[in-house]
Every structure is written in C-alpha cells, then in structure tokens.
Amino acid sequence: MNQYDVAIIGSGPGGYVAAIRCAQLGMKTAIIEKYTTLGGTCLNVGCIPSKALLDSSHHYEDAVKHFEEHGIEIPGEVKVNLEQMIARKQGVVDQTTKGIEFLMSKNKIDVYHGVGSFKDATHVHIAKEDGEETIEAKNIIIATGSKPASLPFIEIDKERIITSTEALKLKEVPKHMIVIGGGVIGLELGQVYKRLGAEVTVVEYMDRIIPGMDAALSKELTKVMKKQKVKFNLSHKVKSVERKGDEVIVKADDKKGEEVTLKGDYCLVSVGRKPYTDGLNAEAAGVKLDDRGRVEVNEHLQTNVSNIYAIGDVVKGAMLAHKAEEEGTMVAELLAGQKPHIDYNLIPGVVYTWPEVAAVGKTEEQLKEEGIEYKSGQFPMRALGRARASMDIDGFVKILADKKTDEVLGIHMIGARCADLIAEGVTAMEFRASAEDISRMSHAHPTFAEAVKEAALAATDDRALHV
C-alpha cells in the first residue's frame, strides 16, 4: 500500500494548488481525480472554457458592430462558425489541463484517476476503470468542489433544458435562450449567445441581477445589457419548466403574482452551484456535513476529524476558484507548521461580461446594515481618454472609505478590464490604504486604471480632476 503525508481528493484549483504547495514544502503528496483530466470544474467546464467563448463572441461582435467605426471594413458577410468556436474553446481547455499534468509531474505528485472515498480517517479507496486501490495518508484534504444546482421541479435533460456544462458545447446558436438566474454564470453565457444572434431573456427571482454585489453595479450592468437587447424579468418566481419537442415553456409568477409564460428553444438553468460529496463516504471517516451538504470546518479549514481538512466549493463561503486556491495554500502551510491566514473580505468577485464587473470589500448595503459611517467617491469610465479611444465608455469605479479614518472599505467597478483592475483595489486594501493614499499614487496615462485614482480623489473631499 502506498503511503503519503498528504492525499487530496479532487484536482480543481483548490486541490491541485494544495498538492503543489504540499510538495514544495517537502511532503509526499498524492492527488485523486475521478475524471480523466485534471483541473476540476474551473478548467474543464467552468472558468476557462466560458472565458474562451466570451472572448470569441466578443471578437465576432466587434467585427459585426464596431470595426466600421474604427475604419476597418470587412467585405462580405461575417459569419459565426460555432463548431470552430467550440473547438477552439476545447483546445484552450486541453492545453490548460495538460499544463496541470506537467505541474504534477514537475513537483513529483502521484496522480490517481478514479473515485476516491474514505475507508477510514487515514485510508482512501480509489475505484479506477481498471480496478481498485487503497492508499494511506497521514493527512487528507477534501477538495471535491461543486456541481450546478437546479430547482426541484426542473428536469435537466441536457439537450434543451441545460446547465452551464451543456451551454459550453451547443451545436447551434439558440433562437431564444431563456436563462433562469441573473447571477454570474447566467449573465456570462447569456451574453455569449446574445452576441452570436440569440434572443436572450433572463428570469431572476430577486429584484436585481448579481444580487450579491453592490446595488450600483447591478443597476449599471442592467442598463448596459438592456442596451445590448438582453431582456430581464426581475422579481419573477419560476414555477415550471416544460419541454415539448424542440420548445421549452417556462412559467413564472411576477411580483404581482400574475403568471407569465415564456417560450424558447433552450433554457439555461443557472441558479447557483451545490457542494459535491457524492461517493465520498465521509461518514466512514466520521466527517460531518452541514444541512446544506457542505463539509463542516473550523477557521483552519479542519474538519471534526483532526487530520482531515476541506477547501473550496465544498465548504462555506463564496464558490470562487481563487478562494479555493488560497485555502489550498493555507492548509498546506498549516500542515508544514506555518501560520498562514486568509482575509475573506479581500477575496475579489468578478463577472466577465462586457463591460466586466469586479468588487472587493464591503458594499454600500453592508456598510449601512453594519452602521458604519462612510464616504463614497465615484468616477465614470466615459471621462477617461483611454475609454473614449477604445469606445469602452460604459461603467464607473466607486470607492467607499471610512468617514473618520479614510481607510478604504470597498471598491466596486464596472467597465473595460475591471477583472484586472480590481487587483489594485485588493492590494490597497491588503495594506489598509486610505483613499488619499490611492489618490496620491501616479497612474499611467492614458489607462483605465486612472478611474481608480479619480474615484479615490472623489472620495477625498470630492477632488476628482476630470469630471
């Protein structure tokens, strides 16, 4: 029987990063993955493939709608080759997952392909295609991730009533895609197919899209996506989804309680994700799950069984790849006797629509609820020379700072390249910068990043220079 210092069940961003860090710290490490490729949801059917399609569809939209304004004329008709677009997406995925295989080899991590399940607190049974095997480990990290959630009355047929997994490999552009859920996944994939020519209707239970983010971001993204001809049915409670041949019929009650019927050829169910522990046999090791199916952990990500830890989507908190990576690193360093920490308030959130949406820290709603006195500074992207040059003028940057100390409490932005710009906000808040600190930093001109400086100036005695 092979013996290890650490065995990790699941090879998503949390799992494979934990494995690499454990190996770097001198531990004999194994990783167990049920699928034939490494990388988990993020690399195979999540972050990476969805961004590939977002970029491809963005290029198409630019060619059709915007190139002429830039003085670029394309003779003839610009067409979508969806098959090639999906193939390119898969190529990106394959290249990325092969990169993880290389990293496992480079760091001398043993990889097992099969379903890992607990025999007890130190032994993991691996059911492989060609047989069975059991390994022993002093410490075990559960990193089994999550799966798309649904509603109890919806039957996902993976053909017309689909999840994000199937939406990444459609064989045709829908005529009318009905998206249930106005969160990150639904908006990103809805925008992909809207660009390619589909009619898209988003049905959301709450009174605004991206409801977990600052309300100003929700309002601005709604306005922009409406300009892009995406339709929104907010405050609608879906009560039935039925397929009749190639047609999908969605019935929902609006905020007045009146029934609304929508008909389309595809329905994307994107109502969030749920922790995945199927087949883990956690009870054999004595590991407790909570009432939502998540693995219970303490502040050190340790389960009730002292040598077993859990990270990523399978534990409480935001279901984000980079959050899982931080947790994987933290557990590895704890096992090595170090004293790492994670500030969950400084884990950024991003929506990869165009314009992109990004945020870190507290929202205005949270500050009001907590009774914290704050000041706000906001700067519109359209006031930037760089934004006008590229014709990406939608959006703004908003900085929230403590009214007394000027410490930055939250940064919220929507606009071009905000997924990258938010790192400046995270860095500033990690070092407990004030709005004035950011306002005194030199930002290259012309850039989108200047909006961060200008928002900081606006929060510092309303001193924005260019608006």
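For the structure, check the block above.
Here we summarise the structure given alongside this text. Values in this document were obtained by computation on a predicted structure and should not be read as measured data.

### Comments concerning the pairing of strand β19 (residues 356-361)
For step 1, the next point in the chain: Within β19, 6 of the 6 residues are buried, which leaves the element mostly enclosed by the surrounding structure.
For step 2, the next point in the chain: For strand β18 (residues 349-351) and β19, the ladder comprises 3 bridges, and the chain directions are antiparallel. The partner of V351 across the bridge, within β19, is V357.
For step 3, the next point in the chain: What sits between β18 and β19 in their antiparallel hairpin is a turn of 4 residues.
For step 4, the next point in the chain: When β19 meets strand β22 (residues 408-415), the two strands line up antiparallel, connected through 6 bridges. Looking at β22, one finds that E356 is bridged to G415.

### Details of the pattern of salt bridges
For step 1, the next point in the chain: This structure, assessed with the given rule, holds 23 salt bridges.
For step 2, the next point in the chain: Across the salt bridge formed by K138 and D5, the nearest N and O atoms sit 3.4 Å from each other. Residue K138 is located in strand β6 (residues 131-142), and its partner D5 is located in strand β1 (residues 3-9); the two are separated by 133 residues in the primary sequence.
For step 3, the next point in the chain: For K138, a relative accessible area of 57% gives the class exposed.
For step 4, the next point in the chain: The class of D5 is partly exposed, set by a relative accessible area of 21%.
For step 5, the next point in the chain: Between K323 and E327 there is a salt bridge, with its nearest N and O atoms 3.2 Å apart. Of the two residues, K323 and E327 both sit in helix α9 (residues 321-335), 4 residues apart, roughly one turn of that helix. Accessibility assignment for this pair places K323 and E327 in one class, buried.

About the criteria used
- Residues numbered from 1 in each chain as written.
- Predicted model: local features only at pLDDT ≥ 70, side-chain atom pairs only at ≥ 80, totals over all residues.
- Heavy atoms only, no water.
- Buried < 20%, exposed > 50% of the residue type's maximum accessible area, 1.4 Å probe, protein only.
- Helix = DSSP H or I, 4+ residues; strand = E, 2+ residues; numbered from the N terminus.
- Pairing = 2+ DSSP bridges.
- Salt bridge = Lys/Arg side-chain N within 4 Å of Asp/Glu carboxyl O.

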